[in-house]
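Secondary and tertiary structure notes
So the chains spell out like this:
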Amino acid sequence: MGRVERIKKEVRELLVAALFFSVGLCLVILADRLMTEGSGVEIATFAQAAIGGVIVAKVLLLVDLLPFVHAFPNKPLAHNVVWKSTLYVAGSLVVRYLEPLLKSLFHGVSIAVAHDRVMEEFAKPRFWASEIWIAILLMIFATIRELDTSLGEGKLRQMFFGR
(Lines give C-alpha, C1' and ligand atoms only; values in the text may rest on other atoms or scores of the structure.)
Protein backbone atom coordinates (compact mmCIF):
# COMPACT_ATOMS: atom_id res chain seq x y z
CA MET A 1 0.00 0.00 0.00
CA GLY A 2 1.40 3.38 -1.01
CA ARG A 3 1.88 6.29 1.32
CA VAL A 4 -1.09 8.26 -0.05
CA GLU A 5 -3.43 5.25 0.18
CA ARG A 6 -2.28 4.57 3.73
CA ILE A 7 -2.91 8.19 4.76
CA LYS A 8 -6.37 8.09 3.15
CA LYS A 9 -7.18 4.86 5.00
CA GLU A 10 -6.03 6.28 8.35
CA VAL A 11 -7.97 9.52 7.84
CA ARG A 12 -11.09 7.53 6.90
CA GLU A 13 -10.69 5.34 10.00
CA LEU A 14 -10.26 8.44 12.17
CA LEU A 15 -13.33 10.12 10.67
CA VAL A 16 -15.53 7.03 11.06
CA ALA A 17 -14.43 6.56 14.68
CA ALA A 18 -14.77 10.29 15.42
CA LEU A 19 -18.30 10.35 13.99
CA PHE A 20 -19.31 7.21 15.91
CA PHE A 21 -17.97 8.49 19.23
CA SER A 22 -19.14 12.08 18.73
CA VAL A 23 -22.70 10.87 18.16
CA GLY A 24 -22.41 8.38 21.04
CA LEU A 25 -21.05 10.96 23.47
CA CYS A 26 -23.73 13.45 22.43
CA LEU A 27 -26.30 10.80 23.38
CA VAL A 28 -24.57 10.36 26.75
CA ILE A 29 -24.72 14.16 27.28
CA LEU A 30 -28.39 14.17 26.31
CA ALA A 31 -29.13 11.40 28.83
CA ASP A 32 -27.11 13.29 31.47
CA ARG A 33 -29.11 16.45 30.82
CA LEU A 34 -32.43 14.62 31.02
CA MET A 35 -31.47 12.99 34.33
CA THR A 36 -30.14 16.17 35.94
CA GLU A 37 -32.71 18.65 34.60
CA GLY A 38 -33.35 21.37 37.17
CA SER A 39 -30.73 20.11 39.62
CA GLY A 40 -28.16 22.80 38.86
CA VAL A 41 -25.52 20.21 37.99
CA GLU A 42 -23.18 21.46 35.27
CA ILE A 43 -23.22 19.17 32.23
CA ALA A 44 -20.79 19.13 29.32
CA THR A 45 -21.96 20.71 26.07
CA PHE A 46 -22.63 18.92 22.80
CA ALA A 47 -19.58 20.68 21.34
CA GLN A 48 -17.45 19.19 24.11
CA ALA A 49 -18.97 15.79 23.33
CA ALA A 50 -18.08 16.17 19.66
CA ILE A 51 -14.51 17.15 20.52
CA GLY A 52 -14.43 14.24 22.96
CA GLY A 53 -15.44 11.94 20.11
CA VAL A 54 -12.43 13.08 18.09
CA ILE A 55 -10.16 12.56 21.11
CA VAL A 56 -11.54 9.06 21.72
CA ALA A 57 -11.02 8.23 18.04
CA LYS A 58 -7.40 9.37 18.22
CA VAL A 59 -6.83 7.37 21.42
CA LEU A 60 -8.19 4.27 19.65
CA LEU A 61 -5.83 4.74 16.74
CA LEU A 62 -2.90 5.22 19.13
CA VAL A 63 -3.82 2.12 21.15
CA ASP A 64 -4.08 0.16 17.88
CA LEU A 65 -0.41 0.96 17.22
CA LEU A 66 0.69 -0.94 20.33
CA PRO A 67 2.43 -4.21 19.41
CA PHE A 68 0.33 -6.39 21.73
CA VAL A 69 -3.11 -5.20 20.54
CA HIS A 70 -3.57 -8.06 18.10
CA ALA A 71 -2.86 -10.76 20.67
CA PHE A 72 -5.48 -13.31 19.55
CA PRO A 73 -5.32 -13.60 15.75
CA ASN A 74 -6.54 -17.21 15.51
CA LYS A 75 -9.10 -17.17 18.32
CA PRO A 76 -12.86 -16.51 18.17
CA LEU A 77 -13.85 -12.85 17.78
CA ALA A 78 -14.95 -12.61 21.41
CA HIS A 79 -11.31 -12.86 22.55
CA ASN A 80 -10.27 -9.90 20.39
CA VAL A 81 -13.35 -7.85 21.27
CA VAL A 82 -12.86 -8.28 25.03
CA TRP A 83 -9.09 -7.74 24.82
CA LYS A 84 -9.29 -4.63 22.64
CA SER A 85 -12.24 -3.21 24.59
CA THR A 86 -10.21 -3.60 27.80
CA LEU A 87 -7.25 -1.81 26.23
CA TYR A 88 -9.49 0.96 24.88
CA VAL A 89 -11.16 1.48 28.28
CA ALA A 90 -7.73 1.61 29.93
CA GLY A 91 -6.69 4.19 27.34
CA SER A 92 -9.81 6.25 27.99
CA LEU A 93 -9.16 6.19 31.74
CA VAL A 94 -5.59 7.35 31.19
CA VAL A 95 -6.79 10.24 29.02
CA ARG A 96 -9.57 11.11 31.47
CA TYR A 97 -6.94 11.19 34.22
CA LEU A 98 -4.33 13.19 32.30
CA GLU A 99 -6.66 15.83 30.87
CA PRO A 100 -7.75 17.44 34.17
CA LEU A 101 -4.33 16.76 35.73
CA LEU A 102 -2.53 18.68 32.98
CA LYS A 103 -5.17 21.42 33.03
CA SER A 104 -4.56 21.91 36.77
CA LEU A 105 -0.79 21.85 36.31
CA PHE A 106 -1.01 24.55 33.63
CA HIS A 107 -2.98 26.67 36.12
CA GLY A 108 -0.03 26.50 38.51
CA VAL A 109 -1.33 23.83 40.90
CA SER A 110 1.15 21.38 42.37
CA ILE A 111 1.11 17.83 41.05
CA ALA A 112 -0.09 16.47 44.41
CA VAL A 113 -3.07 18.86 44.53
CA ALA A 114 -3.83 18.23 40.84
CA HIS A 115 -3.78 14.48 41.47
CA ASP A 116 -6.10 14.88 44.49
CA ARG A 117 -8.55 16.90 42.38
CA VAL A 118 -8.60 14.22 39.69
CA MET A 119 -9.15 11.52 42.31
CA GLU A 120 -12.08 13.53 43.69
CA GLU A 121 -13.63 13.51 40.21
CA PHE A 122 -12.94 9.78 39.81
CA ALA A 123 -14.81 9.17 43.10
CA LYS A 124 -18.04 10.73 41.83
CA PRO A 125 -20.81 8.43 40.60
CA ARG A 126 -21.34 10.66 37.53
CA PHE A 127 -17.75 9.95 36.44
CA TRP A 128 -18.33 6.20 36.56
CA ALA A 129 -21.76 6.47 34.94
CA SER A 130 -20.21 8.21 31.94
CA GLU A 131 -17.26 5.79 31.95
CA ILE A 132 -19.67 2.86 31.76
CA TRP A 133 -21.31 4.44 28.70
CA ILE A 134 -17.90 5.07 27.15
CA ALA A 135 -16.95 1.44 27.80
CA ILE A 136 -20.17 0.27 26.11
CA LEU A 137 -19.47 2.48 23.10
CA LEU A 138 -15.90 1.17 22.95
CA MET A 139 -17.11 -2.44 23.08
CA ILE A 140 -19.68 -1.82 20.33
CA PHE A 141 -17.03 -0.15 18.20
CA ALA A 142 -14.51 -2.95 18.79
CA THR A 143 -17.16 -5.55 17.91
CA ILE A 144 -18.06 -3.80 14.66
CA ARG A 145 -14.40 -3.41 13.68
CA GLU A 146 -13.60 -7.05 14.44
CA LEU A 147 -16.62 -8.19 12.44
CA ASP A 148 -15.59 -5.98 9.52
CA THR A 149 -12.03 -7.32 9.65
CA SER A 150 -13.23 -10.92 9.91
CA LEU A 151 -15.72 -10.63 7.04
CA GLY A 152 -13.30 -8.72 4.87
CA GLU A 153 -12.85 -4.98 4.86
CA GLY A 154 -15.90 -3.25 3.43
CA LYS A 155 -18.16 -6.35 3.48
CA LEU A 156 -20.04 -5.23 6.58
CA ARG A 157 -20.71 -1.80 5.05
CA GLN A 158 -21.86 -3.53 1.86
CA MET A 159 -24.18 -5.80 3.87
CA PHE A 160 -25.77 -2.80 5.65
CA PHE A 161 -25.81 -0.18 2.91
CA GLY A 162 -25.49 -2.15 -0.31
CA ARG A 163 -22.36 -0.43 -1.61
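Look above for the structure.
Residues numbered from 1 in each chain as written. Predicted model: local features only at pLDDT ≥ 70, side-chain atom pairs only at ≥ 80, totals over all residues. Heavy atoms only, no water.

1. Focus on a nonpolar patch on the surface
On the surface, L19, V23, L27, L30, L34 and F46 cluster together into a nonpolar patch covering about 600 Å² of accessible area. Considering every element that reaches the nonpolar patch, the biggest residue donor is helix α1 (residues 3-36), with 5 residues. The exposure class of L30 is partly exposed, given its relative accessible area of 40%. (Patch = residues over 30% accessible without salt bridge, like charges linked within 9 Å, V, L, I, M, F, W, Y side chains within 5 Å. Areas by Shrake-Rupley, 256 points an atom, 1.4 Å probe, with all protein chains shown as cover. Salt bridge = Lys/Arg side-chain N within 4 Å of Asp/Glu carboxyl O. Helix = DSSP H or I, 4+ residues; strand = E, 2+ residues; numbered from the N terminus. Buried < 20%, exposed > 50% of the residue type's maximum accessible area, 1.4 Å probe, protein only.)

2. Here we look at the pattern of salt bridges
What the rule picks out here adds up to 8 salt bridges. Here E146 and K84 are joined by a salt bridge, their closest N and O atoms 2.6 Å apart. Linking E146 in helix α5 (residues 125-151) with K84 in helix α3 (residues 77-106), this pair joins segments that are 62 residues apart in sequence. Judged on exposure class, the residue E146 and its partner K84 are both buried. Measuring nitrogen to oxygen at the nearest pair gives 3.0 Å for the salt bridge that ties E99 to K103. Of this pair, E99 and K103 both sit in helix α3, 4 residues apart, which is roughly one turn of the helix. Overall, K103 belongs to the partly exposed group, its relative accessible area being 45%.

3. Section: the side chain of D32
Note that D32 resides in helix α1. Residues contacting D32, with those up to four places away along its chain left out, are I43 and R126. (Contact = heavy atoms within 4.5 Å.)

4. Let's talk about the nonpolar core
The biggest cluster of nonpolar side chains holds 21 residues, and the ones touching the most others in it are F21, L25, L60, V63, Y88 and L138. At the level of secondary structure, the elements contributing two or more residues to this core comprise α1, α2 (46-64), α3 and α5. At 6 residues, α2 tops the list of elements feeding residues into this core. When near neighbours in sequence (up to four residues on either side) are disregarded, L138 contacts F21, V56, L60, S85, Y88, V89 and S92. Among the nonpolar cores identified, the runner-up in size contains 6 residues, and V109, A114, V118 and F127 belong to it. (Core = buried A, V, L, I, M, F, W, Y, C linked by side-chain atoms within 4.5 Å.)

5. A few points about the packing of α2 against α3
Relative orientation of the contacting elements α2 and α3 amounts to 125°, with a least axis distance of 10 Å. Judged by the angle between their axes, α2 and α3 are oblique. Remark: the crossing between α2 and α3 carries right-handed chirality. Contact residues: α2 offers I55, V59, L60, V63 and D64, while α3 offers L87, Y88, G91, S92 and V95. Tallied by class, the residues present in the contact of α2 with α3 amount to 7 nonpolar, 2 polar and 1 charged. (Axes fitted to C-alpha atoms, helices over the stretch in contact; angles between N-to-C directions. Parallel < 35°, antiparallel > 145°, perpendicular 65-115°, else oblique. Left-handed = near helix turned anticlockwise from the far one by under 90°. Nonpolar A, V, L, I, M, F, W, Y, C, P; charged D, E, K, R; others polar.)

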